[in-house]
Amino acid sequence: MTDPRFEDITVGDALPALTKPPITEIQLVRYSGASGDFNPIHTVHQAGVDSGNGGVITHGMVIMGFVGQMITDWVRPDQVRRFGVRFTGISRPGDEITVSGKVVEKYEADGEQRVRCEVEAVDQTGHRKVKGEFVAAL
Amino acid sequence: MLDHSYIGKKLPLIRYQVDASKIRELAMALGDDNSLFLDKEATQAAGYPDIIAPLTFPTLFRFWGGTPAGAETRALLGEMGADLLRVLHGEEEYEYFGTLSPGDDITGELEIVSIDRKEGSAGPMDMVRTRATYRDQHGAVKVIARATMVVRW
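Participant: Could you clarify how one ought to interpret the sheet that holds strand E5 (residues 141-152) of chain B in this entry?
Facilitator: Adjacent strands of a sheet pair through backbone hydrogen bonds, lying either parallel or antiparallel. Read from one edge of the open sheet, 10 strands run E1(A)-E3(A)-E4(A)-E5(A)-E2(A)-E2(B)-E5(B)-E4(B)-E3(B)-E1(B), paired in antiparallel fashion. Unpaired on one side and paired on the other, strand E1 (18-19) of chain A together with strand E1 (14-17) of chain B mark the two borders of the sheet. One ladder, built from 2 bridges, connects E1(A) with strand E3 (residues 98-109) of chain A; its direction is antiparallel. Among the inter-strand pairings, A:Leu18 is bridged to a residue of E3(A), identified as A:Val99. In the packing of helix H3 (residues 60-74) of chain A onto the sheet, contacts are made with E1, strand E2 (80-87), E3, strand E4 (112-122) and strand E5 (128-137) of chain A together with strand E2 (87-96) of chain B, and the angle to E2(A) comes to roughly 145 degrees.

Participant: How should I be thinking about the interface of chain B and chain A in this particular structure?
Facilitator: How big an interface is tends to be expressed through the accessible area that disappears when the partners come together. Taken together, the contact pairs 31 residues of chain B with 36 residues of chain A. Between chain B and chain A lies a buried interface of about 3000 Å² when both sides are counted; carbon and sulfur atoms form 60% of it. Broken down residue by residue, the surface that chain B buries against chain A is led by B:Leu30, B:Leu55 and B:Leu85, which jointly contribute 20%. Residue B:Glu93 is joined to A:Arg82 by a salt bridge in which the shortest nitrogen-to-oxygen separation is 3.2 Å. Summed over the shared surface of chain B and chain A, the number is 16 residue pairs in polar contact (both at pLDDT 80 or more). Listing elements by their share of the side of chain B that touches chain A, those giving two or more residues are helix H1 (20-30), helix H2 (35-38), helix H4 (59-64) and E2 of chain B.

Participant: Please explain the packing of aromatic side chains as it appears in this structure.
Facilitator: The description of an aromatic ring pair uses the distance of the two centres, along with the angle that the planes make with each other. Overall, the coordinates contain 7 aromatic pairs over all chains when judged by the stated rule. Plain terms: the ring middles of A:Phe38 and B:Trp64 are 5.7 Å apart, the flat faces sit at 80 degrees to each other, and that makes the pair edge-to-face. Remark: B:Trp64 occurs in helix H4 and A:Phe38 occurs in the loop between helix H1 (25-35) and helix H2 (45-50); the pair is interchain, linking two chains. Using a relative accessible area of 40% as the deciding quantity, one classes B:Trp64 as partly exposed. Where B:Tyr94 meets B:Tyr96, the ring centres are 6.1 Å apart and the plane angle is 45 degrees; that geometry is what we call tilted. An identical accessibility class is assigned to B:Tyr94 and B:Tyr96; each is buried. Through pairs of rings, three or more aromatic residues link up here, namely B:Tyr16, B:Phe57, B:Phe61 and B:Tyr134. Over the face of the ring belonging to A:Phe6 we find A:Lys106, whose NZ or CZ atom lies 4.4 Å from the ring centre. Over the aromatic face of B:Tyr6 sits the side chain of B:Lys9, whose NZ or CZ is 4.1 Å from the ring centroid.

Definitions and limits used
Residues numbered from 1 in each chain as written. Chains lettered and ligands numbered in written order. Predicted model: local features only at pLDDT ≥ 70, side-chain atom pairs only at ≥ 80, totals over all residues. Heavy atoms only, no water. Pairing = 2+ DSSP bridges. Helix = DSSP H or I, 4+ residues; strand = E, 2+ residues; numbered from the N terminus. Contact = heavy atoms within 4.5 Å. Axes fitted to C-alpha atoms, helices over the stretch in contact; angles between N-to-C directions. Buried area = accessible area lost by both parts, 1.4 Å probe. Salt bridge = Lys/Arg side-chain N within 4 Å of Asp/Glu carboxyl O. Polar contact = N/O pair within 3.5 Å; in protein donor to acceptor, adjacent residues only side chain to side chain. Phe/Tyr/Trp six-rings, centres within 6.5 Å; stacked < 30°, edge-to-face > 60°. Buried < 20%, exposed > 50% of the residue type's maximum accessible area, 1.4 Å probe, protein only. Lys NZ or Arg CZ within 6 Å of the ring centre and 35° of its normal.

Here it is as structure tokens:
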């Protein structure tokens, strides 16, 4: 984490981006076991075909997890008050995901100084997978 | 057509005991090497009593903490009449009231909040909104998780 200070932040500031190594099929197997989401469309090729996706696709929550990593590279987990995403596209093994974000609001609430930030995750071609936002107390 | 009688219905309780191994397992599956998730000594040096769970850890509660009767959302959607191969995860949101650490004994109540029909370009879709409130062993709310599942036909 980088310990950002409320007074040093300006609305519009970009957050440090995170580019992940390409997603692998093994990573999806590991994530299935870790999360307990054993939906076969993420690990069994034929199920991915039967679902109309042509093969296995990434759990949306893997991409949200990457976004979460970017957030907690910037602030500590206990500073995050809210974190939400909308899943806008599917990802596949081989996709290289980059997470970026920016500060869109500074405000005070519940006696805390908070920032609201927009975040998104895109693949190597710029296709967006996730769009969301989070609130952190600084 | 989904069975709308599930809206607001009391569903089986979710029970989940947070432990260090699952926190590490999730962080490692995501490739997140943040020492706060992995290293107790480093976390204590940063002023915390124990390691902390990554932000998306509450997703484990409904998958691993459901009863065989099925508090897990997809199993529920199956009971409600959805074709599980055509279910998409639309949205996920967490509202945090503290961090999760080993020893937290979580109880969760999941409820179907609403079902809304939308006409998409590829046919009708039902937007199923769920909310789960997770409390620790002291009764304190730790996190509220909201999700939207998209059921295509």
